[in-house]
Amino acid sequence: MIYKFPKNFYWGAATSAHQVEGNNHNDWSEWESSEGRFKELKNRGLNPENFISGKACNSYNRFEEDFDIAKQLGHNAHRFSIEWSRVEPEEGKFNEKEIEHYRKVIQALKKRNLEPFVTLWHWTVPIWFQNNGGWLAKKSVQNFSRFVSKIAEIFGDEIQFWCVLNEPEVFTAYGYVIGIRPPQEKNIWKAIIIFNRLIAAHREAYRILHEKSNRGCYVGIAKHDKFFTPADNSFKNKIFTFIAKFFWNKLFIKKIKDYQDFIGLNYYNKDTVDFGWKKFRQGLYNLEESAEGFYDVLTNLSKYKKPIYVLENGLDNPNDEKRPRFIKEHISAMAKAIQNGTEVRGYMHWSLLDNFEWENAYGPRFGLVEVDFKTMERKIRPSAWEYKKIIESNTLSS
Ligand code: BGC
């Protein structure tokens with residue numbers, strides 16, 4: 001099969017501020033060096049120092065070099081996030097120097113003809129916001145809106161694509177249900193409040209971004225969808241699959257249905273739903289890859305009748321042995337979905353660089369580009385060249 005992608009298709013990679021910039025001071029950096037976290041890691045026989053984001057990829061200082069690499073790899077788009085804690089380090093006080101920094105980042109992308117896809121919240125928040133109760137606080141939506149307004153006033157005419165939130169369901173589940181990420185709670189009631197706050201925050205941001213953009217913009221979120229399949233034909237597994245699909249894949253998108261111009265999809269894996277709550281929860285960690293699942297998830301999203309941009313898709317593969325095949329198979333599934341009428345307009349691989357992988361720190365390696373975290377040297381992996389061939393020809397042959 002030879003498949004030609006639509007003209008003006010966006011090809012690129014994604015990153016997020018806390019994972020690549022280095023030296024951020026936010027709720028995550030506090031948690032990484034907290035007593036509780038140190039104790040937990042020591043109990044597991046691990047060295048807590050290795051789980052601190054620290055300098056990350058030092059992309060705060062090396063973004064030009066990173067964008068040069070993206071350009072060299074044929075990309076024409078790039079997703080990154082603006083770190084709220086840098087821009088508003090104190091409640092209501094904006095740091096002009098940091099705003100200037102992001103202006104340079106945006107200019108650096110544009111200069112290289114990389115279309116910026118800007119995420120406004122990729123999980124981290126300023127310390128004052130967290131100390132006020134984080135997203136549980138009634139004022140949280142108002143506080144986030146102030147930040148969104150500021151960014152929209154400054155960059156509203158330069159940015160076309162806004163991704164307000166990254167994976168609200170992952171944030172809620174990991175931080176407030178399973179409790180493996182800050183603030184490590186296991187409280188379903190709090191989870192429900194958080195989920196609703198994020199819905200309200202998105203709707204308000206949608207309104208603000210449109211109001212402040214003179215040239216018009218497209219606003220969406222990055223939605224994490226999984227390919228849920230029942231382990232067998234039993235009634236209970238079918239029911240659990242239905243429930244999982246509803247709560248994980250559908251609920252948030254339904255709630256913001258009239259407040260999004262596109263659907264941003266983050267797709268990684270398949271989850272086999274097998275018997276009851278305990279196994280279902282284990283299923284959340286199941287990382288079985290499935291290109292067929294990518295096709296299924298994409299085509300399912302077409303019912304919302306909005307253009308789709310894939311904002312993350314990738315795998316942890318340090319020696320890059322599996323990544324070339326992974327990319328080809330997933331892009332091929334996407335091509336099939338487009339051929340069958342699903343309107344996909346872009347694909348951002350996760351990630352451009354190896355980076356700080358949250359609670360797993362520097363273990364997993366998702367980069368098209370390898371990073372040596374001691375020397376900060378960047379080394380392009382073979383898969384990145386394979387991806388470039390697809391991008392350059394805008395064609396996939398299999
Ligand atoms: C997140 C990224 C993360 C990736 C791989 C996604 O859920 O948005 O920040 O690095 O998964 O773990």
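Above: the structure in question.
Residues numbered from 1 in each chain as written. Predicted model: local features only at pLDDT ≥ 70, side-chain atom pairs only at ≥ 80, totals over all residues. Heavy atoms only, no water.

Chemist: Looking at this model, I keep getting lost on the side chain of Arg381. Mind explaining?
Modeler: Looking at the secondary structure, you find Arg381 in the loop between strand E11 (378-380) and helix H15 (382-393). Among the residues examined, Arg381 registers a relative accessible area of 3% and is labelled buried. Leaving out residues up to four positions away in the same chain, Arg381 has contacts with Pro318, Asp320, Arg323, Asp354, Arg365, Gly367, Leu368, Val369 and Glu370. (Helix = DSSP H or I, 4+ residues; strand = E, 2+ residues; numbered from the N terminus. Buried < 20%, exposed > 50% of the residue type's maximum accessible area, 1.4 Å probe, protein only. Contact = heavy atoms within 4.5 Å.)

Chemist: Help me understand the environment of Glu65 in this model?
Modeler: On the secondary structure map, Glu65 appears in helix H4 (residues 59-72). For the pair formed by Glu65 and Ala108, sequence separation is 43 residues and the distance between their alpha carbons is 9.9 Å.

Chemist: In this structure, what is going on with the pairing of strand E5 (residues 161-166)? I would like to understand it.
Modeler: Sheet faces and side chains relate simply in a regular strand, where the side chains alternate between the two faces. Of all six residues that make up E5, six are buried, and the element is covered over most of its length. With four bridges connecting them, E5 and strand E6 (residues 218-230) associate as parallel partners. The residue of E6 that forms the bridge with Phe161 is Tyr218. (Pairing = 2+ DSSP bridges.)

Chemist: Got a minute to help me understand empty space enclosed by the protein in this structure?
Modeler: Where empty space is left in the structure can be found by rolling a water-sized probe over the atoms. All told, the structure shown has four cavities of 30 Å³ or more when counted by the stated rule. Approximately 160 Å³ is the volume attributed to the largest cavity. Surrounding the largest cavity, 18 residues form its lining, Thr15, Val20, Ser59, Phe67 and Phe80 being those nearest its centre. Its residues assigned to classes, the lining of the largest cavity shows 10 nonpolar, six polar and two charged. Around the second largest cavity sit Trp28, Trp123, Val170, Phe171, Tyr174, Gly175, Arg181 and Pro182, which together line it. Within the lining of the second largest cavity, the residues separate by chemical class into six nonpolar, one polar and one charged. (1 Å grid on protein atoms, 1.4 Å probe; cavity = no way out; pocket = protein on both sides within 12 Å on 5 of 7 lines; lining within 4 Å. Points joined across faces, edges and corners; volume = space filled by probe spheres on them. Nonpolar A, V, L, I, M, F, W, Y, C, P; charged D, E, K, R; others polar.)

Chemist: In this structure, what is going on with the packing of aromatic side chains? I would like to understand it.
Modeler: Applying the stated rule across the entire model yields 40 aromatic pairs. Between the aromatic rings of Phe9 and Trp11, the centroid separation amounts to 4.6 Å while the plane-to-plane angle is 50 degrees, which identifies the pairing as tilted. Across the pair, exposure class does not vary: Phe9 and Trp11 are buried alike. With a centroid separation of 5.4 Å and 65 degrees between ring planes, the pair formed by Trp84 and Phe144 is classed as edge-to-face. Here Phe144 lies in helix H8 (residues 140-155) and Trp84 lies in helix H5 (residues 84-87), a separation of 60 residues in the sequence. (Phe/Tyr/Trp six-rings, centres within 6.5 Å; stacked < 30°, edge-to-face > 60°.)

Chemist: Is there a simple way to think about the site of the ligand in this case?
Modeler: In the vicinity of the ligand, the residues found are Gln19, His122, Trp123, Asn166, Glu167, Tyr268, Glu312, Trp350, Glu357, Trp358 and Phe366. Separating an oxygen atom of the ligand from a side-chain N or O atom of Glu312 is a distance of 2.9 Å. Here an oxygen atom of the ligand and a side-chain polar atom of Trp358 are 2.9 Å apart. Relative to its unbound accessible area of 310 Å², the ligand is 89% covered by the protein chains. Tallied by class, the residues present in the shell around the ligand amount to five nonpolar, three polar and three charged. (Near = heavy atom within 4 Å. Polar contact = N/O pair within 3.5 Å; in protein donor to acceptor, adjacent residues only side chain to side chain. Areas by Shrake-Rupley, 256 points an atom, 1.4 Å probe, with all protein chains shown as cover.)

Chemist: I keep staring at the sheet that holds strand E7 (residues 263-273) and nothing clicks. Help me out?
Modeler: To summarise the sheet geometry, strands pair through backbone hydrogen bonds and adopt either a parallel or an antiparallel arrangement. The strand order around the closed barrel built from eight strands is E2-E3-E4-E5-E6-E7-E8-E9, with neighbouring strands paired in parallel fashion. When strand polarity is set aside, the average angle formed by the axes of neighbouring strands in this sheet is 30 degrees. As judged from the five bridges shared by strand E2 (residues 10-14) and strand E9 (residues 344-350), these two strands associate in the parallel manner. Note on E9: the bridge partner recorded for Ala14 is Trp350. Those strands touched by H8 are strand E4 (115-121) and E5, and its axis lies near 160 degrees from that of E4. (Axes fitted to C-alpha atoms, helices over the stretch in contact; angles between N-to-C directions.)

Chemist: Could you clarify how one ought to interpret the pattern of salt bridges in this entry?
Modeler: Oppositely charged side chains can form a pair if their charged atoms are brought close together. A full pass over the atoms with the stated rule returns 32 salt bridges. A salt bridge links Arg103 to Glu100; the shortest N-O distance between them is 3.0 Å. Pair noted here: Arg103 and Glu100 are both in helix H6 (residues 96-111), with a separation of three residues, about one helical turn. Judged by relative accessible area, which is 25%, Arg103 ranks as partly exposed. Exposure remark for Glu100: the relative accessible area of 35% places this residue in the partly exposed category. Linking Asp225 and Lys223 is a salt bridge whose minimum nitrogen-to-oxygen distance equals 3.0 Å. Residue Asp225 is classed as buried on the basis of its relative accessible area, which comes to 3%. One salt-bridge network, in which partners are shared between bridges, spans Glu21, Arg86 and Glu98. (Salt bridge = Lys/Arg side-chain N within 4 Å of Asp/Glu carboxyl O.)

Shape is all these values report; function is a separate question.
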